[in-house]
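A look at the structure
In case you want the letters, here they are:
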Protein chains: 2
Amino acid sequence: MPINTDTHAFIMHCGEMGSRWGFNRTVGQICALLVITPEPISAEQIAEALSISRGNVSMGLKELQSWRLIQLSHKPGDRKEYFDAASSIWEMAQTIFEERLKREVDPTLSLLRSQLLAHEGDATYSQQRLQEIHDLLELTSTWATALNGMQPTTLQQLMKLGSGVTKVLGLKDKLKR
Amino acid sequence: MPINTDTHAFIMHCGEMGSRWGFNRTVGQICALLVITPEPISAEQIAEALSISRGNVSMGLKELQSWRLIQLSHKPGDRKEYFDAASSIWEMAQTIFEERLKREVDPTLSLLRSQLLAHEGDATYSQQRLQEIHDLLELTSTWATALNGMQPTTLQQLMKLGSGVTKVLGLKDKLKR
DNA sequence: CTAAAGTTTCAATAATTACTGAAACTTTAG
DNA sequence: CTAAAGTTTCAGTAATTATTGAAACTTTAG
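Residues numbered from 1 in each chain as written. Chains lettered and ligands numbered in written order. Predicted model: local features only at pLDDT ≥ 70, side-chain atom pairs only at ≥ 80, totals over all residues.

Take the overall build of chain A next. Per the secondary structure count, chain A includes nine helices and three strands. On C-alpha atoms alone, chain A measures out to a radius of gyration of 21 Å, which is more than a quarter above the 16 Å that the 2.2 N^0.38 rule sets for 177 residues. Across its three principal directions, the C-alpha atoms of chain A cover 65 × 40 × 30 Å. Here chain A holds 177 residues, and 25% of them are scored as buried. Nonlocal contacts in chain A, meaning residues at least 24 apart in sequence, comprise 46% of its contacts between residues at least 6 apart. (Helix = DSSP H or I, 4+ residues; strand = E, 2+ residues; numbered from the N terminus. Rg over C-alpha atoms; globule rule 2.2 N^0.38 Å. Buried ≥ 20, exposed ≤ 12 C-beta atoms within 10 Å, placed from the backbone. Contact = placed C-beta atoms within 7 Å.)

Attention now moves to the interface of chain A and chain B. On the chain B side, the residues contacting the 53 residues of chain A number 52 residues. Sorting the residues of the side of chain A that touches chain B by element identifies helix 1 (5-18), helix 2 (25-36), helix 5 (89-104), helix 6 (106-118), helix 7 (125-148), helix 8 (152-161) and helix 9 (166-169) of chain A as the ones contributing at least two each. Residue contributions to the side of chain A that touches chain B peak at eleven residues, all from helix 7 of chain A. Split into classes, the residues belonging to the side of chain A that touches chain B amount to 27 nonpolar, 16 polar and ten charged. (Nonpolar A, V, L, I, M, F, W, Y, C, P; charged D, E, K, R; others polar.)

If you check the shell around DNA strand D, you find 19 residues, and the closest are Asn 24, Thr 26, Gly 55 and Asn 56 of chain A together with Gly 55 of chain B. For the surface near DNA strand D, the secondary-structure elements that each account for two or more residues are helix 2 and helix 4 (54-66) of chain A together with helix 3 (43-50), helix 4 (54-66) and strand 3 (78-85) of chain B. Examining the composition of the surface near DNA strand D, we find that five residues originate from one element, helix 4 of chain B, more than from any other. When grouped by side-chain class, the residues that make up the surface near DNA strand D number three nonpolar, eight polar and eight charged. (Near = placed C-beta within 6 Å.)

This paragraph deals with the packing of helix 6 of chain A against helix 7 of chain A. The angle between the axes and the distance between the axes are what describe a pair of packed helices. Residue and element names in this part refer to chain A. Across the interface, helix 6 lies against helix 7 with an axial gap of 10 Å and an inter-helix angle of 135 degrees. What the angle tells us is that helix 6 and helix 7 run oblique. Considering how the two elements wind past one another, helix 6 and helix 7 form a crossing that is left-handed. In contact with Thr 108, Leu 109, Leu 112, Arg 113, Gln 115 and Leu 116 of helix 6, helix 7 contributes Leu 130, Gln 131, Ile 133, His 134, Leu 137, Glu 138 and Ser 141. (Axes fitted to C-alpha atoms, helices over the stretch in contact; angles between N-to-C directions. Parallel < 35°, antiparallel > 145°, perpendicular 65-115°, else oblique. Left-handed = near helix turned anticlockwise from the far one by under 90°.)

A separate point is the domain arrangement of chain A. All names here are of chain A. Domain annotation for chain A reports domain 1 (5-85) and domain 2 (89-152). In this structure, domain 1 and domain 2 have C-alpha centres spaced 30 Å apart. Facing the five residues of domain 1 at the interface are six residues of domain 2. A class-by-class count of the residues in the side of domain 1 that touches domain 2 yields three nonpolar, one polar and one charged. (Domains from an automatic or database assignment.)

Here the focus is the pairing of strand 3 of chain B. One face of the sheet, then the other: side chains in a regular strand alternate in exactly this way. Residues and elements named next belong to chain B. One ladder, built from two bridges, connects strand 1 (residues 41-42) with strand 3; its direction is antiparallel. Paired with Ser 42 across the strands is Tyr 82, a residue of strand 3. Note that strand 2 (residues 70-75) and strand 3 share five bridges and pair antiparallel. Considered in strand 3, the bridge of Gln 71 is made with Asp 84. Counting the residues in the hairpin turn of strand 2 and strand 3 gives two residues, including Gly 77, whose phi is positive at 75 degrees. (Pairing = 2+ DSSP bridges.)

With antiparallel pairing, three strands are arranged side by side in an open sheet as 1-3-2 (chain B). Edge positions in the sheet fall to strand 1 and strand 2 of chain B, since each of these pairs with one other strand and no more.

Take the relation of the copies chain A and chain B next. Mapping chain A onto chain B leaves a residual RMSD of 0.0 Å; the transformation is a rotation of 180 degrees accompanied by 0.0 Å of translation along its axis. One copy is carried onto the other by what is essentially a two-fold rotation axis. When C-alpha distances to the rotation axis are compared across chain A, the minimum falls at Val 168 of chain A, with a value of 3.4 Å. The fraction of interface residues of chain A whose copies in chain B are also interface residues reaches 98%, indicating that both copies meet through the same surface. (Least-squares fit on C-alpha atoms with pLDDT ≥ 70 in both.)

In this section: the protein's contact with DNA strand C. Neighbouring DNA strand C are 19 residues; Gly 55 of chain A together with Asn 24, Ser 53, Gly 55 and Asn 56 of chain B lie closest to it. The set of elements that each furnish at least two residues to the surface near DNA strand C consists of helix 4 and strand 3 (78-85) of chain A together with helix 2 (25-36) and helix 4 of chain B. Considering every element that reaches the surface near DNA strand C, the biggest residue donor is helix 4 of chain A, with five residues. Looking at the surface near DNA strand C, its residues break down into three nonpolar, eight polar and eight charged.

In this structure, Phe 10 of chain A sits in helix 1. Distance from Phe 10 of chain A to Met 59 of chain A, taken between C-alpha atoms, is 22 Å for residues 49 residues apart in sequence.

Turning our eyes to something else, we now look at the confidence of the model for chain A. Interpreting fine coordinate detail is not advised for predicted regions of low pLDDT. Residues and elements named next belong to chain A. Of the residues in chain A, 94% have a pLDDT of 70 or more, and the chain-wide mean is 92. Per-element confidence in chain A ranges from a low mean pLDDT of 77 for helix 9 to a high of 98 for helix 2. Taken together, the stretch residues 172-177 has pLDDT below 50 and engages in eight contacts with residues farther than four places along the chain or on a different chain. (pLDDT = per-residue confidence, 0-100.)

Before going further, it helps to spend a moment on the sheet that holds strand 3 of chain A. Pairing is antiparallel in the open sheet, where three strands are placed in the order 1-3-2 (chain A). The sheet terminates laterally at strand 1 (41-42) and strand 2 (70-75) of chain A, the two strands that pair on one side only.

Before going further, it helps to examine the environment of Gln 128 of chain A. Position of Gln 128 of chain A relative to the elements: it lies in helix 7. A count of 13 C-beta atoms within 10 Å places Gln 128 of chain A in the partly exposed class.

Rendered as structure tokens:
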């Protein structure tokens with residue numbers, strides 16, 4: 001694994017950012033390495049490239065599989081396993097987004113659903129606030145899922161519109177803020 | 001601070017989710033408590049309600065201020081400081097989104113910008129990949145900033161459209177996936 | 001079936017992050 | 001100016017999370 005200076009800097013950066021992105025240093029580094037490397041590489045090569053233990057690589061790969069970010073492959077006449085990024089950058093970003101939604105929003109949404117269900121009548125301040133949060137998360141979740149269901153190219157076109165989308169809404173208060 | 005069972009459960013839940021949302025347990029709990037409580041409360045009341053030390057509350061409040069999520073107020077004839085959620089649920093969500101973008105995306109974007117600038121000519125595989133990631137992050141960042149600049153009601157209307165927005169694009173491949 | 005090649009697990013430990021509480025600092029009433 | 005009320009800081013410690021490496025497990029070639 002010959003790694004040039006910039007590539008190395010990028011991998012290290014992803015390691016440091018890892019925890020902010022929802023996983024640990026090692027997972028961030030492995031993911032970056034697999035994205036940057038043209039062909040599938042073995043767990044051993046990963047361990048060597050990142051100077052981490054074989055066991056750590058195994059756990060990291062398992063974690064990345066739970067995020068659906070890596071692909072497994074084999075070479076003919078070689079029983080080692082080789083790993084590669086699962087898809088294009090855009091698809092990977094969508095996958096990460098989807099998984100994060102599942103991990104960061106879903107648990108709270110289901111807690112709120114059951115709490116609100118159990119106290120439908122109540123109109124206390126805190127109940128109202130819980131209702132507001134629930135509605136926000138529900139709408140966000142539904143919307144994010146819809147966006148994630150689009151093809152990357154469609155999504156890109158939509159995003160390029162920026163706040164221009166508000167035209168659809170036929171609103172005059174487009175950009176008051 | 002009289003806290004009912006559900007409210008308490010919600011606060012504890014926010015503490016546990018805290019680390020997934022980009023801050024620690026205490027910060028998650030304090031934030032939830034302030035959102036759920038009708039009037040501003042003092043640091044001492046927070047410490048008591050959550051059974052945590054006064055020092056920890058102080059650090060938590062500082063952190064929440066860096067997120068622009070809390071408001072400070074005073075009562076006449078009382079020199080204690082009182083704290084409250086900074087704004088509506090929607091505005092708070094937008095603020096969190098904005099801050100997370102700043103913490104999770106901006107550092108990587110600026111690294112990539114400088115790396116790509118330094119190697120404009122190169123057409124290696126890894127350079128191409130870095131370029132793709134850069135473009136994705138740049139578009140995402142710009143788009144997210146545009147959305148965040150909208151008023152909550154406008155944003156809500158937009159979100160309610162779901163994947164219906166693709167109509168604007170005049171595309172026939174709306175929902176292939 | 002056996003041995004070699006490869007992978008995973010997990011107890012021990014290292015590294016990191018969070019929390020406490022007492023001391024230091026700041027502000028204001030008198 | 002002083003003392004009391006309030007707030008912040010931070011060294012020490014607790015709790016959590018990440019990492020290693022050796023043992024256990026799995027797979028397959030022969």
